[in-house]
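Here are the chains, one letter per residue:
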Amino acid sequence: MQLELAARGDQQNSDATPRPQPFSPDQLARELNPAQAEAVVHPPGPLLVVAGAGSGKTRVITYRLARLVAGGADPRRIVAVTFTNKAAGELRERADKLLWERIRVGSRGLWVGTFHSISARLLRQWGEAIGLRKDFVIYDDDDQKRLLGRVLTDLKVPERMFPVRQVLSVIDRAKNQGQSAAAFQSNDYFDDVVGKAYRLYEERLAAANATDFGGLLLSTLQLCASDTPAAREIAERFDHVLVDEFQDTNSVQYRLVRLLSRRTGSITVVGDEDQSIYRWRGADIRNILDFEGDHPGAKIVKLEQNYRSTGNILRAANSIIEKNSERRPKRLFTEAGDGDPIVIFEGETERDEADFVASRIEAGLSAARAPRDFAVFYRTNAQSRVLEDALRARDLPYSVVGGTRFFDRAEIKDLIAYMRAIANPDDGLSLQRIVNVPARGIGAATVDRIGDLVYARKISAWQALELVSTDDQLLGTGPRKKVAAFVELMRRLRAESAGLGPAALAEKVLELTGYRDALAGEATLEAEGRIENLLELIAQMREYEREAEEPTLYGFLERVALASDVDGYDPDKGAVSLMTVHTAKGLEFPVVFITGLEERIFPHARSVDDDSAVEEERRLCYVAVTRARQQLYLSCVRRRRLSGQELPGMPSRFLRDLPSEGIEQIVTSRPPEYTDYSSQGRGPWGGRWSRDEPEYPLNRPVPKRPVAAAPGTRRKPGELTVEYDGDAAPGSGLQVGSKLRHPSFGVGEVRAWQGQGADLKVTIKFPAVGVKTILARFLSNP
DNA sequence: CCGTGCTAAGTTTTT
DNA sequence: CTTAGCACGG
């Protein structure tokens, strides 16, 4: 009782009372299944937990971590690595809770984070040992592309033969495998050029005091492997290492983990080869398959009992994944009943599919099922649009997780670029972005000259700016003065930045640069939206300042650079979730729709010719299926419009692999007529679809004639309701130019309207989605 | 130097 | 179909 009342920070006193037995065999037997308990109590040393989907993986990690601490381990000397910030946050929260409940110790000082954030942290502390400054910035892939583009131009490499994307992917692959620019091997002409580009790219990165995603990890590995006092300190730093999603580690990450755990040998990895879906990003499935061989005496525990899904869903998942060969045999089981049958929908077009999804969600809403309980998955981001339209048409709240990121918007990147340039004067890329934003008369010609100067004299962009603003030989008087004014502006901002938090600094930037005034002066809806976005960013900065232990400008910039798609998922939004299958990993929902299950969509066209790529697609499908708790819908269509052209669709091979029991099928289409698309074939979709390609029949015969969709299930698309939030009352002065707010589209401007009362239709232009004609139902009057 | 209008191009998954 | 990049005219 006394213990219950002990204050949270009161650690000394807890020793006075007898300690409870928080992890006694009895207790564990009550809270864990035998396999879970085995993993939790295994003594420190190499341990691989093969955790099937929904088998209580996070539970095992938190219990094991807590038990290590209960046994005397210091939380500050434990590092737990995850793949997303969201997973890291969850792990920290659950570990903290368990530690407090059971042994009155918090998780304070525990290192939990993604590979990238932990690397950044190590580099900021010890990176100087390998010549890295503490204040480096992190370039995202857009920055990488721009930097490499400039490198390729300077090397006079023909763009046709060496597209930036392709060169970058080779460089990235090399980095993921631990090959630095110096060590880059080339066997052919292409790689010779890539090697040259790689070296110059790295040179420029270093000059900009910047690093990229791959570099973050590679530098950390180099640091840890170096013969320096810093490396020895790091080797002493951690007693226990835990790694989540181990199947997705690449070679560099794996070596890093081994170095961190080498001294004590206490390394716990948790993963599932069946859920390895990041091979294209360098993940090496062998890391998990060979773990035993690499760690003599390693213990392996398999978790096969699933606590998430119904029997029908689990059987479907098993039958899909069983076709793979690169895996240890494993079969998930559940003590739950069969549950509802899985529903397969086969429609005519992607609109029918979207409408089916929306109608089922609408019908499924009840006291027990809120919008947040539904998730819709797709293979590629481009597929989300039709689904969004269909949900909108039924007024269902939805939220697209990932996709075009908030941080990718132009105005956000501009502001971030200012902050980066203030934090790090050497960041040429950011300087280039903002030097003429808002327009201050510094044109492309001037920027080019400064860029040439940087290249020719091997100076930083900032030095070049300072140089041309004082030396009247280099630029004409007009441009020179303008550049000088910009230099002065940046100096002033830097001077003012001292002592300001990120949010206050951002406001200063918007004010002093005239950015906000420039937008306000435009007085358009787009500009209004941009200002709103900037305010949102500043609000995020404030939130960061509240949360972070030690908020700094670098800290915020790092958080921005390392934010992941799924980090934006918030169940409390109360909306139907739309996301790619990749983003869905690690999440679960009562009802799941997997759409676009067609050959060349899922599995993707780029994968169908390569057996091992198809295995990855199969794992992806397995991940998608195992997200569902109670109800699973799978859908495919016979004709799909994708980037302009319509292509015929064949049911995915994954549908053919489903068991014949526990499935309900809804068909509203018929197979497409034979069409020879070979003459029109263009690009990767290269639409050949001939008789030679195998048809994958579903389990029931397909009707000869199309069956009409149920009547009354579909409203006219584009009909929506808006909430009144403007400067005109209905009937009493609604006019062109009035502002209205729509729950999904935001504020829009009235273009035209017709009718009145309940039949009032208004045409509105929304900055976000364009012009829409809407059935307006005014909910409130001013 | 800047904004507009057009054409052409490219379309997987993301820390 | 969308978006990005480019040429042109002001």
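What this report covers is the structure whose coordinates are included nearby. (Residues numbered from 1 in each chain as written. Chains lettered and ligands numbered in written order. Predicted model: local features only at pLDDT ≥ 70, side-chain atom pairs only at ≥ 80, totals over all residues. Heavy atoms only, no water.)

**Describing the overall build of chain A**
Right, so step 1: Assigned secondary structure in chain A consists of 30 helices and 20 strands.
Right, so step 2: Looking at chain A as a whole, 52% of its 782 residues qualify as buried.
Right, so step 3: Counting contacts in chain A only where the partners sit at least 6 residues apart, residues at least 24 apart contribute 74% of the total.
Right, so step 4: Carbon and sulfur atoms make up 48% of the accessible area of chain A, which totals about 35900 Å². (Helix = DSSP H or I, 4+ residues; strand = E, 2+ residues; numbered from the N terminus. Buried < 20%, exposed > 50% of the residue type's maximum accessible area, 1.4 Å probe, protein only. Contact = heavy atoms within 4.5 Å. Areas by Shrake-Rupley, 256 points an atom, 1.4 Å probe, with all protein chains shown as cover.)

**Observations concerning the environment of Gly 178**
Right, so step 1: On the secondary structure map, Gly 178 appears in the loop between helix H9 (164-176) and helix H10 (189-207).
Right, so step 2: For the pair Gly 178 and Ser 251, spaced 73 residues apart in sequence, the C-alpha separation works out to 6.9 Å.
Right, so step 3: Residues within four places of Gly 178 in sequence aside, it is in contact with Leu 218, Val 252 and Arg 255.

**Some thoughts on the nonpolar core**
Right, so step 1: Ranked by internal contacts, the top residues of the largest apolar core, which has 67 residues, are Tyr 139, Leu 148, Val 167 and Phe 291.
Right, so step 2: It is H10 that provides the largest number of residues to this core, a total of seven residues.
Right, so step 3: When near neighbours in sequence (up to four residues on either side) are disregarded, Val 167 contacts Leu 148, Leu 152, Phe 162, Val 194 and Ala 197.
Right, so step 4: The next biggest cluster of nonpolar side chains, apart from the first, holds 47 residues, and it includes Leu 431, Ile 434, Leu 453 and Leu 510. (Core = buried A, V, L, I, M, F, W, Y, C linked by side-chain atoms within 4.5 Å.)

**Comments concerning the packing of helix H17 (residues 350-364) against helix H18 (residues 384-393)**
Right, so step 1: It is the contact of H17 with H18, at a shortest axis distance of 8 Å, that shows an interaxial angle of 45°. Between H17 and H18, the angle is such that the two are oblique. In this structure, H17 meets H18 at a crossing whose hand is right-handed. Residues Glu 350, Arg 351, Ala 354, Asp 355, Val 357, Ala 358 and Ile 361 of H17 touch H18, and the partners they reach there are Val 386, Leu 387, Ala 390 and Leu 391.
Right, so step 2: Among the residues making up the contact of H17 with H18, the classes are represented as eight nonpolar, no polar and three charged. (Axes fitted to C-alpha atoms, helices over the stretch in contact; angles between N-to-C directions. Parallel < 35°, antiparallel > 145°, perpendicular 65-115°, else oblique. Left-handed = near helix turned anticlockwise from the far one by under 90°. Nonpolar A, V, L, I, M, F, W, Y, C, P; charged D, E, K, R; others polar.)

**Section: the sheet that holds strand S2 (residues 78-82)**
Right, so step 1: With parallel pairing, the six strands of this open sheet are ordered in space as S3-S2-S6-S7-S1-S8. Bordering the open sheet on either side are strand S3 (111-114) and strand S8 (299-303), each of which pairs with just one other strand. The mean inter-strand angle of the sheet, taken between neighbouring strand axes irrespective of direction, is 15°.
Right, so step 2: Here S2 pairs with strand S6 (residues 240-243) via four bridges, running parallel. By the bridge assignment for S6, Val 79 is matched with Val 241.
Right, so step 3: Packed on one face of the sheet, helix H7 (residues 115-126) meets S2, S3 and S6 and runs near 120° to S3. (Pairing = 2+ DSSP bridges.)

**Structural notes on the protein's contact with DNA strand B**
Right, so step 1: By nearness alone, 25 residues border DNA strand B, and Arg 379, Asn 381, Ser 564, Asp 565 and Ser 643 come closest of all.
Right, so step 2: Taken together, the sugar and phosphate atoms account for 51% of what DNA strand B places within 4 Å of the protein.
Right, so step 3: Here a phosphate oxygen of DNA strand B sits 3.2 Å away from a polar atom, N or O, in the side chain of Asn 436. (Near = heavy atom within 4 Å. Polar contact = N/O pair within 3.5 Å; in protein donor to acceptor, adjacent residues only side chain to side chain.)

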